[in-house]
Amino acid sequence: MRRILWFRRDLRVTDNPLLSLEGEVLPIFIFDTNILNKLPKDDRRVTYIFEQVIRLKSSLQSLGLDLKIFYGDPVEIFKLLEREGFDEVAASGDYDSYAKARDTKVSMILPFNALHDTYIFKPEEVVKDDGTPYLVFTPFYNRARSLFDKAHLRHYTPGKQTLLAAHYEEITEIKESTERALPLTLQSLGFNENKPEITSLELKLSALEKKLPAYAKERDYPALDATSNLSPELRFGMLGIRELLRFLAEQKKRGIDTEPFFRQLVFRDFYACLLYHFPELAWKNHRYPFNGIEDQERFEAFCESRTGVPIIDAGIRQLLATGRMHNRVRMVCASFFTKDLLLPWQWGEKFFAQHLLDYDAASNILSWQWSAGTGIDPQPYFRIFNPWLQAKKFDKEALYIKMWVPELVTLDAKQIHDERFMLSYRIENYPGPMVVHKEAANKALEYFKKRMAEGVEHA
Ligand SMILES: Cc1cc2nc3c(=O)[nH]c(=O)nc-3n(C[C@H](O)[C@H](O)[C@H](O)COP(=O)(O)OP(=O)(O)OC[C@H]3O[C@@H](n4cnc5c(N)ncnc54)[C@H](O)[C@@H]3O)c2cc1C
């Protein structure tokens, strides 16, 4: 059997189903021009992925294999590869709309062997008794828990593989059916280095061991380093989900309550499952016809962290500076965006997508729909976060806010969390709040009621 092993969201050699297949293999990675052409030249994710691909290449070399790196349109690349007489292309499932459409096109060129790797469950595994997908998280979670067993912890061992002769030293660019060798550098892809600050996977896992016992209690506080920070490694598969689950099983044996952390991993599965079954959710509201109101000025103030609402501006600054944002702050920002500012959730989703290091279509899109109250369980549209109270509750000493908004360091936390004070007090180089929360929330409620009364579904 001659196989192409296509690495995508599984940039690792440990416990990788691709490496358990036997026979002659050509391991490949594609820098996809359909994606890269839309990114700014200093996108930090490209530097990050490039480094991970080079690391994968060297890990494969130490197994006696290698990685051929392509640059171009996957469909065009597979059309050329098909001429070399392969039996199949094997790849782990990737379920967003672009990935699904791309894989369908590739499967028309070569037999496509889709393996299960990225998530805990296969997309058809956690479904209702009648075989239809769950739309609500809690029943999905309960079902997931009841189905979860040892098989989900399976460890894939390497199969007997021999490497096919090929040129592995350069990047192979494919353009208009012509092949060109490029030096193995980030600059060959037209990108400049922009290295995100990131702790090693080993350190993150050993830190997680210490964080787990207090995870449920502390995970909502952005000034604490209480969460795993593993989302980028999970997104690109440097850490396999099964390895993380086995790590959790070990902690559980030691008497640690791992359920709250497991629940978040199931959330990741739930969102992937929703987008798999309902690809139109990428652009279309789940249920309610809340489109928001397009307002460029408001949008720019949000994206440039000039809202005058400290927790929001802190979150956006963290995002722009690091590519990361704490989950609680993501929730507060997305609520402020779609409710207080009444902007279309799709705009916010796109903005996050441009900057998040862990950007994942399913988690981002469905979280934005949840925040916008478009019908994704369990958030009723009329529940509107008060960003001032959220900040007071989850960043009581304003430590997170002061870290990212140094203009406020001389103020007391109490003043920072007091909307009335912030509306009346002039701060050098920092604007007053652009909306009054109660007024904005009432306006949003009126808008939602009106849209509901109009009864337009799936606007
Ligand atoms: C508006 C909004 C947009 C988001 N966009 C993304 C995104 O593009 N990519 C992304 O990975 N997550 C996204 N999330 C979910 C969540 O914020 C991040 O997964 C989390 O902050 C990552 O930090 P962590 O690894 O320390 O998480 P931990 O708390 O340590 O959780 C462990 C893992 O569970 C998963 N997870 C945790 N919370 C969630 C959640 N609410 N939904 C789905 N998966 C979760 C992640 O893979 C995470 O790494 C978004 C949330 C919101 C509210």
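Calculation criteria
For every chain, the first residue of the written sequence is number 1, and numbering continues from 1 along that sequence. Totals for whole chains, interfaces and linings use every residue, but because this is a predicted model, local features are given only for residues with pLDDT of at least 70 and side-chain atom pairs only at 80 or more, for both listing and counting. Side-chain measures were taken over the full set of non-hydrogen atoms in the model, leaving aside hydrogen atoms and water. Numbering of helices and strands starts at the N terminus; helices are DSSP runs of H or I of at least 4 residues and strands are runs of E of at least 2. Note on method: radius of gyration uses C-alpha positions; expected globular size equals 2.2 Å times residues raised to 0.38. Per-residue accessibility, obtained with a 1.4 Å probe over protein chains only, is compared with the maximum for each type, and a residue is labelled buried under 20%, exposed over 50%, and partly exposed between these values. Surface accessibility in these figures is a Shrake-Rupley result with a 1.4 Å probe; residues are shielded only by whichever protein chains are displayed. His residues and chain termini do not enter the charge count, which takes Lys and Arg as positive and Asp and Glu as negative. Charge coordinates come from a single atom per side chain, which is NZ of Lys, CZ of Arg, CG of Asp or CD of Glu. In this entry, domain limits derive from an automatic or database-based domain assignment. Residue contacts are defined here by distance: any two heavy atoms, one from each residue, within 4.5 Å place the two residues in contact. Buried area adds together the accessible area that both of two parts lose upon being put together, with accessible area traced by a 1.4 Å probe. The arc in question is traced by the directions running from the helix axis to the C-beta atoms. For salt bridges, the criterion is a side-chain nitrogen of Lys or Arg within 4 Å of an Asp or Glu carboxyl oxygen. Residues adjacent in sequence count toward polar contacts only when both atoms are side-chain atoms; beyond that, a polar contact is any pair of N or O atoms within 3.5 Å, and within protein one must be able to donate a hydrogen and the other to accept it.

**Q** Where do I start with the overall build of the chain in this structure?
**A** Secondary structure assignment for the chain yields 20 helices and eight strands. On C-alpha atoms alone, the chain measures out to a radius of gyration of 23 Å, which is about the 23 Å that the 2.2 N^0.38 rule sets for 459 residues. Along the first, second and third principal axes, the C-alpha set of the chain runs to 70 × 50 × 50 Å. Put simply, the chain has 459 residues, and 54% of those count as buried. Carbon and sulfur atoms provide 52% of the accessible area of the chain, an area that totals close to 21,100 Å². Treating the 63 positive side-chain charges of the chain as one cloud and the 65 negative ones as another, the clouds have centres 4 Å apart.

**Q** It is not clear to me how the domain arrangement of the chain should be interpreted in this structure. Could you clarify?
**A** It is common to give the size of an interface as the accessible area lost on bringing the parts into contact. Split by domain assignment, the chain resolves into domain 1 (1-117), domain 2 (119-153 + 201-277) and domain 3 (296-454). If you average the C-alpha positions of domain 2 and of domain 3, the two centres end up 26 Å apart. The partner domain 3 presents 23 residues to the 20 residues of domain 2 that form the contact. Taking both partners together, domain 2 and domain 3 bury about 1,800 Å²; carbon and sulfur atoms supply 60% of that area.

**Q** Got a minute to help me understand the environment of Arg263 in this structure?
**A** Its place among the elements puts Arg263 in helix α10 (residues 259-277). On the basis of relative accessible area, Arg263 is assigned to the partly exposed category, the value being 30%. Among residues more than four places away in sequence, those in contact with Arg263 are Phe137, Thr138 and Tyr141.

**Q** Can you walk me through helix α6 (residues 201-211) in this structure?
**A** For an α-helix, 3.6 residues make a turn, and residues three or four places apart therefore share a direction. Burial in α6 covers these residues: Leu201, Lys204, Leu205, Leu208 and Lys211. Down the axis of α6, the buried side of the element spans an arc of 115 degrees, and every buried residue falls inside it. In this structure, α6 carries Glu202, Leu203 and Lys210 as exposed residues pointing more than 90 degrees from its buried face. For α6, the secondary structure elements touched by its buried residues are α7 (215-218), α8 (231-236), α9 (241-253) and α10.

**Q** What exactly am I supposed to notice about the side chain of Asp32 here?
**A** Its place among the elements puts Asp32 in strand β2 (residues 23-32). Buried charge without a salt bridge: Asp32, with Arg102 as the nearest opposite-charge side chain at an N-O distance of 4.5 Å. There is a polar contact of 2.8 Å between the side chain of Asp32 and the backbone nitrogen of Asn34. Asp32 has contacts with Gly72, Pro74, Tyr98 and Arg102, leaving out every residue within four places of it along the chain.

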